[in-house]
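Geometric and topological summary
The chain contents come next:
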Amino acid sequence: AASDRASAPARYAAIDAALSKQVTQRTLWILQAHQAGLDLFVGRSRALERYRELVSARMPPENEAAVRMHMAWWMYRSEKLPEALQELDAARQREPDNRQIDVDQGWILSEMGRQADATESAGKAGASDEARVLLAVVAWRLERRDAASHSFRAAIADDPIWMEPRWTANTFNAPTAKVLAELRTAELARRKKEALRAVHPVGAARSN
């Protein structure tokens, strides 16, 4: 989807067909959710209908939660934010203790401008690197730059993938990817200042 949006569903279908006889039933359901999500992402008319057929099948609650979470993220990527929240709410009913649901809800709520609700979701999710980045994005959107930078630094100390621009651009919607790019730029500038201070402590102090 990142490299060629239009052809993604057909290319994924070929992968799905190759894997379908080799995976567990749970993985097969998740593969089918991704197929429906890709179809939705490119605007295919029957994508949601096929997805509804998938979740109407009898499956263990934790499997249904996983399927709904994956589809919710594709709904988010497809700019269907209220629908994505509804799927995550349904997923929570099947797996109430799944903290990833809180993080996923937080990203969507933040993009909807509901920063207080996004902060609450991040708090429920615990101290994962993703929850910290979510808090950084919320703080940045609220123009709390120091708090945002602090949270972002803590997150990238755990997982530097958040400094990779192509990964974030291909994972999140454009508004969130833009904030993440600004956080990266601020972090790189901070590192440059620290490096200058280490080499030329007096000059660096004067430049500040």
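Look up a bit, the structure's there.
These remarks concern the structure in this document. Keep in mind it's a predicted model, so treat the numbers as computed, not measured.

Calculation rules
- Sequence order sets the numbering: in each chain, residues are counted from 1 along the sequence as written.
- Selection of residues for local features in this predicted model requires a pLDDT of at least 70, selection of side-chain atom pairs for listing and counting requires 80 or more, and totals for whole chains, interfaces and linings are taken over all residues.
- For side-chain calculations, the full set of non-hydrogen atoms in the structure is used, while hydrogens and water are omitted.
- Secondary structure elements follow DSSP: runs of H or I of four or more residues count as helices, runs of E of two or more count as strands, with numbering from the N terminus.
- For each residue, the accessible area found with a 1.4 Å probe, counting protein chains only, is set against the maximum for its type, and the residue is called buried under 20%, exposed over 50%, and partly exposed in between.
- In what follows, residue pairs with any heavy atoms lying within 4.5 Å of each other are defined as contacts.
- Accessibility throughout is a Shrake-Rupley quantity obtained with a 1.4 Å probe, and a residue counts as covered only by protein chains that appear here.
- In this tally, Asp and Glu contribute negative charge and Lys and Arg positive charge; neither His nor the terminal groups of the chain are included.
- A charge is said to be at NZ when it belongs to Lys, at CZ for Arg, at CG for Asp and at CD for Glu.
- Buried residues of nine kinds, namely Ala, Val, Leu, Ile, Met, Phe, Trp, Tyr and Cys, make up a nonpolar core once their side-chain atoms join them within 4.5 Å.
- What counts as a salt bridge is simple: a side-chain nitrogen of Lys or Arg found within 4 Å of a carboxyl oxygen of Asp or Glu.

Points about the overall build of the chain
- Looking only at helices and strands, the chain has twelve helices and zero strands in total.
- Walking the chain from its N terminus toward its C terminus, one meets helices and strands in the order α-α-α-α-α-α-α-α-α-α-α-α.
- Across the 208 residues in the chain, those meeting the buried criterion constitute 43%.
- Considering only contacts in the chain between residues 6 or more positions apart, those separated by 24 or more positions represent 55%.
- For the chain, the accessible area works out to roughly 11,100 Å², and carbon and sulfur atoms hold 53% of it.
- Taken as two groups, the 31 positive and 28 negative side-chain charges of the chain have centres that lie 5 Å from each other.

Notes on the nonpolar core
- Counting residues in hydrophobic clusters, the biggest one holds 50 residues, and the most contacted among them are Val 67, Trp 107, Val 133, Phe 152 and Leu 183.
- Per element, the largest residue contribution to this core is nine residues, and it comes from helix H4 (residues 61-77).
- If near-sequence neighbours (up to four positions away) are discounted, Leu 183 is found in contact with Ala 136, Val 137, Trp 140, Ala 148 and Phe 152.
- Residues Leu 31, Leu 38, Phe 41 and Trp 74 belong to the second largest nonpolar core, which totals six residues.

Some points on the side chain of Glu 187
- Within the secondary structure, Glu 187 is located in helix H11 (residues 174-199).
- Overall, Glu 187 belongs to the buried group, its relative accessible area being 4%.
- Those residues in contact with Glu 187 that lie beyond four places of it in its chain are Phe 152, Arg 153, Ile 156 and Met 163.

Overview of the pattern of salt bridges
- Under the defined criterion, the tally for this structure stands at 16 salt bridges.
- For Arg 46, the salt bridge identified is with Glu 49, shortest N-O distance 3.1 Å.
- Overall, Glu 49 belongs to the partly exposed group, its relative accessible area being 42%.
- Note that Arg 52 is salt-bridged to Glu 87, the shortest N-O span being 2.8 Å. With a gap of 35 residues between them, Arg 52 in helix H3 (residues 47-55) and Glu 87 in helix H5 (residues 81-94) connect regions that are remote in the sequence.
- Residue Arg 52 is classed as partly exposed on the basis of its relative accessible area of 39%.

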